[in-house]
Amino acid sequence: MKTSSLIKTGAGFIVLFLIAIQFFDTTKNIAAVPSENALEKHYQVPDHVQGLLKTSCYDCHSNTTAYPWYNNIQPVKWWLADHVNSGKRHFNFDEFNSYSKEKKLKKLDEVAETIREGEMPLTSYTVVHQNAKLSDIQKSEIEQWVKEVKKQIEYQFVKKQK
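Taking an unreviewed UniProt entry as the reference, the chain is identified by name as Heme-binding domain-containing protein belonging to Chryseobacterium turcicum.

Structure below.
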């Protein structure tokens, strides 16, 4: 009898906790205006590569996230906010031109490597966003594009030295 009451009381507290946390919000990652430091404003990005990046990378690695319906439910909202904030700390396409030359080159290498190795996009993301999965051909296209952007960065640096 006591065990049954204890279980009911515990379940009641859990339900109240889950209801209470719904009132705690997070800041959404939605930029009011496009950033002047956005990669595509300073470097050539072919349309098909831009589409791949927007579909597979930008939700976590830019200043604007397309939020799914389940982002309105805590604690999922906290979990997604943490993923987005972490992604932006590691690399942000919308702040790319604010990086130093060395950081730009390093981050581009990381983009190519993590995509090639299948580390990005995250499996937890592609389970829900099937269209974000990258084929081997798409991975190669991004890797080739990274090489081209690195050449553009090196050229700009040489040009500034003159």
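From this point, things continue past the structure.
1. Quick notes on the pattern of salt bridges
This model, assessed by the stated rule, comprises nine salt bridges. With its nearest N and O atoms 2.9 Å apart, the salt bridge here joins Asp25 to Lys77. In this pair, Asp25 sits in the loop between α1 (2-20) and α2 (39-42) while Lys77 sits in helix α4 (residues 76-90), placing the two residues 52 residues apart along the sequence. Across the pair Glu110 and Lys107 runs a salt bridge, and its minimum N-O distance is 3.3 Å. Of this pair, Glu110 and Lys107 both sit in helix α5 (residues 101-116), three residues apart, roughly one helical turn. Note on Lys107: relative accessible area 11%, which makes it buried. By sharing partners, the salt bridges in this structure join Lys106, Lys107 and Glu110 into a single network.

2. Looking at the nonpolar core
Across soluble globular proteins, you tend to see nonpolar side chains buried next to one another. Of all hydrophobic cores here, the largest spans 23 residues; its most connected members are Leu53, Phe96, Ile142 and Trp145. Residue contacts for Phe96: discarding those within four places in its chain leaves Asn37, Leu39, Tyr43, Phe91, Lys104, Leu108 and Ile153.

3. Description of the packing of aromatic side chains
In the structure shown here, the tally under the stated rule is seven aromatic pairs. Judged by centre distance (5.8 Å) and plane angle (85°), the ring pair of Tyr43 and Phe96 falls under edge-to-face. On the criterion of sequence distance, the pair formed by Tyr43 in the loop between α2 and α3 (47-56) and Phe96 in the loop between α4 and α5 is long-range, its members being 53 residues apart. Each member of the pair, Tyr43 together with Phe96, is buried. On the numbers, 6.2 Å between centres and 55° between planes, the contact of Phe91 with Tyr99 is tilted. As far as the burial class goes, Phe91 and Tyr99 line up, both buried. An aromatic cluster of three or more residues is present, and its members are Tyr43, Tyr58, Phe91, Phe93, Phe96 and Tyr99. The ring of Tyr67 is capped by Lys28, whose NZ or CZ atom sits 5.3 Å from the centre of that ring. Positioned above the aromatic ring of Tyr99, the side-chain terminus of Lys103 is 4.3 Å from the ring centre.

Conventions we followed
- Residues numbered from 1 in each chain as written.
- Predicted model: local features only at pLDDT ≥ 70, side-chain atom pairs only at ≥ 80, totals over all residues.
- Heavy atoms only, no water.
- Salt bridge = Lys/Arg side-chain N within 4 Å of Asp/Glu carboxyl O.
- Helix = DSSP H or I, 4+ residues; strand = E, 2+ residues; numbered from the N terminus.
- Buried < 20%, exposed > 50% of the residue type's maximum accessible area, 1.4 Å probe, protein only.
- Core = buried A, V, L, I, M, F, W, Y, C linked by side-chain atoms within 4.5 Å.
- Contact = heavy atoms within 4.5 Å.
- Phe/Tyr/Trp six-rings, centres within 6.5 Å; stacked < 30°, edge-to-face > 60°.
- Lys NZ or Arg CZ within 6 Å of the ring centre and 35° of its normal.

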